[in-house]
Amino acid sequence: MATSSNFFASQLAGRVAVITGASSGIGRASALLLAARGAKVAVLARRKDALDTLVAEITGAGGEAIAVVVDVTDQASVAAAAAQVAAAYGRADLVFNNAGVMLPGAIEEAKLAEWEQQIDLNVTGVMRVIHAFVPQLVQAAAEGATVDLVNTSSIAGQYLYPYFAVYTATKAYVSHLTRHLRIELGPKNIRVSMIEPGIVATELQGHVTFQGAKDWLAGAEKTMEFLQPENVAESVGFIVAQPKHVNLQQVVIMPTKQGI
Ligand code: NDP
């Protein structure tokens, strides 16, 4: 009898996945899961050492992966990454557009550099990846492949959190963008989806410097079990494994004890 791991091992055979923000957290866990289910994965981020370690882990387990060092705040870097993926695998048919940063702060502190950093990565960075990779997705769809663009938004894109105004606005952008792109790309047989997680235990919280948010996160950790990156990766794997005519548009995934 086939075991469930045997069943999953070939589920994404033939797919070529690009994952941004793959050096840690949700992206890393998703790269491992997609590779374990048979996809060739191109893992993208700035930290080469972390990407090389991830590729070694995937190939050591019998999967296929390449590390692509990229800074998604630099259009030329993202364009070069797309060329590298095309040279290695022909074209991508799955893009997990996931890199992001969260820097909460009181608006009156006027930390313009942090606002710009979040907008440049979470909004414009998402658009740079779309600019570079949508042509590959269009090509893959024209060839008859199953094709996915999955964007990482957040529950923050729906709800209101004091001191998270800029971050939550960047995620609201991603959610609304996703809904619009689905209307535009769906007719071309490209599925467009978003995941909207609640709190996930990753490096994301480690970049927070605003004391009010640090206190809030520390309190939250005492009252609930945060999601793990692997829990979110399961949702990504579920979205992309649907039959070709099924587009799971939006997945909200929360820690059981998290209200908003
Ligand atoms: P991590 O901090 O662990 O991951 C962020 C990833 O983005 C890293 O791989 C980082 O790699 C990459 N990255 C950052 N800046 C750049 C850049 N300029 N160019 C390329 N890559 C970059 O956090 P998460 O895994 O939690 O975050 C992934 C996504 O999930 C984000 O969009 C985040 O907003 C979202 N999210 C997270 C939640 C949470 O509670 N953790 C909840 C909801 C959504 P490197 O530094 O090597 O470049």
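Going by the structure above, here's the rest.
Owing to the predicted nature of the structure, the values given are computational and were not obtained by experimental measurement.

**Student:** Talk me through the overall build of the protein chain; I want residue IDs and the actual numbers.
**Tutor:** Broken down by element type, the protein chain carries eight helices and seven strands. Relative to its length of 260 residues, the protein chain is compact, with a C-alpha radius of gyration of 18 Å against a globular reference of 18 Å. Expressed as lengths along the three principal axes of its C-alpha atoms, the size of the protein chain is roughly 50 × 45 × 35 Å. Counting across all 260 residues of the protein chain, residues that qualify as buried make up 50%. In the protein chain, the proportion of contacts linking residues at least 24 apart, taken out of those at least 6 apart, comes to 72%. Per element, the accessible surface of the protein chain, about 11800 Å² overall, is 57% carbon and sulfur.

**Student:** Explain the packing of aromatic side chains to me, and be specific about the residues and the numbers.
**Tutor:** Ring pairs (aromatic) are described by centroid distance and by the angle formed between their planes. The tally for this structure, following the rule as stated, stands at four aromatic pairs. A ring pair is formed by Y163 and F210, whose centres lie 5.0 Å apart and whose planes are at 50 degrees; its orientation type is tilted. In this pair, Y163 is assigned in the loop between β5 (147-152) and α6 (165-185) and F210 in the loop between β6 (190-197) and α7 (211-223), connecting sequence segments 47 residues apart. F210 sits in the buried class, given a relative accessible area of 13%. In textbook terms, an aromatic cluster arises when at least three aromatic residues are bridged by ring pairs, as seen for Y161, F164 and W216.

**Student:** Could you give an account of the site of the ligand, naming the residues involved and the relevant values?
**Tutor:** Around the ligand there are 30 residues in total, and S24, R46, R47, Y167 and T202 lie nearest to it. Here R46 contributes a side-chain N or O atom positioned 2.7 Å from an oxygen atom of the ligand. The backbone of N98 places a nitrogen or oxygen atom 2.8 Å from an oxygen atom of the ligand. The protein chains hide 95% of the 880 Å² of surface that the ligand would expose on its own.

**Student:** Tell me what's going on with the environment of A201, and back it up with residues and numbers.
**Tutor:** Summarising the element assignment, A201 is placed in the loop between β6 and α7. Spatially, the C-alpha atoms of A201 and Q228 are 5.5 Å apart, while their sequence positions differ by 27 residues. Beyond its immediate stretch of four places on either side in the chain, A201 contacts F226, L227, Q228 and P229.

**Student:** Describe in detail the pattern of salt bridges, supporting the description with residues and values.
**Tutor:** For the structure on display, the rule yields eleven salt bridges. Its salt-bridge partner being R28, residue E57 comes within 3.0 Å of it at the nearest N-O pair. With a gap of 29 residues between them, E57 in helix α3 (residues 48-60) and R28 in helix α2 (residues 25-36) connect regions that are remote in the sequence. For E57, a relative accessible area of 39% puts it in the partly exposed group. Take R28: its relative accessible area is 22%, and that puts it in the partly exposed class. Members of the salt-bridge network, linked through shared partners, are R15, R91, D93, E143, D148 and R191.

**Student:** Give a detailed account of the side chain of S235, specifying residues and quantitative values.
**Tutor:** Within the element layout of this structure, S235 appears in helix α8 (residues 229-240). Taking the relative accessible area as the measure of exposure, S235 reaches 14% and is therefore buried.

**Student:** Break down the nonpolar core for me, citing the residues and quoting the values.
**Tutor:** Counting residues in hydrophobic clusters, the biggest one holds 36 residues, and the most contacted among them are V18, L44, V95 and F133. Looking at this core, the elements that each hand over two or more residues are β1 (16-20), β2 (40-45), α4 (75-89), α5 (112-142), β5, α6 and β6. Here this core gets ten residues from one element, more than from any other, and that element is α5. Once you skip the residues sitting within four places of it in the chain, L44 turns out to touch V18, I19, T20, G21, A22, L51, V68, V70, A81 and F133. Counting 32 residues, the second largest nonpolar core, distinct from the first, contains L12, A17, A22 and V232.

Rules of the game
- Residues numbered from 1 in each chain as written.
- Predicted model: local features only at pLDDT ≥ 70, side-chain atom pairs only at ≥ 80, totals over all residues.
- Heavy atoms only, no water.
- Helix = DSSP H or I, 4+ residues; strand = E, 2+ residues; numbered from the N terminus.
- Rg over C-alpha atoms; globule rule 2.2 N^0.38 Å.
- Buried < 20%, exposed > 50% of the residue type's maximum accessible area, 1.4 Å probe, protein only.
- Contact = heavy atoms within 4.5 Å.
- Areas by Shrake-Rupley, 256 points an atom, 1.4 Å probe, with all protein chains shown as cover.
- Phe/Tyr/Trp six-rings, centres within 6.5 Å; stacked < 30°, edge-to-face > 60°.
- Near = heavy atom within 4 Å.
- Polar contact = N/O pair within 3.5 Å; in protein donor to acceptor, adjacent residues only side chain to side chain.
- Salt bridge = Lys/Arg side-chain N within 4 Å of Asp/Glu carboxyl O.
- Core = buried A, V, L, I, M, F, W, Y, C linked by side-chain atoms within 4.5 Å.

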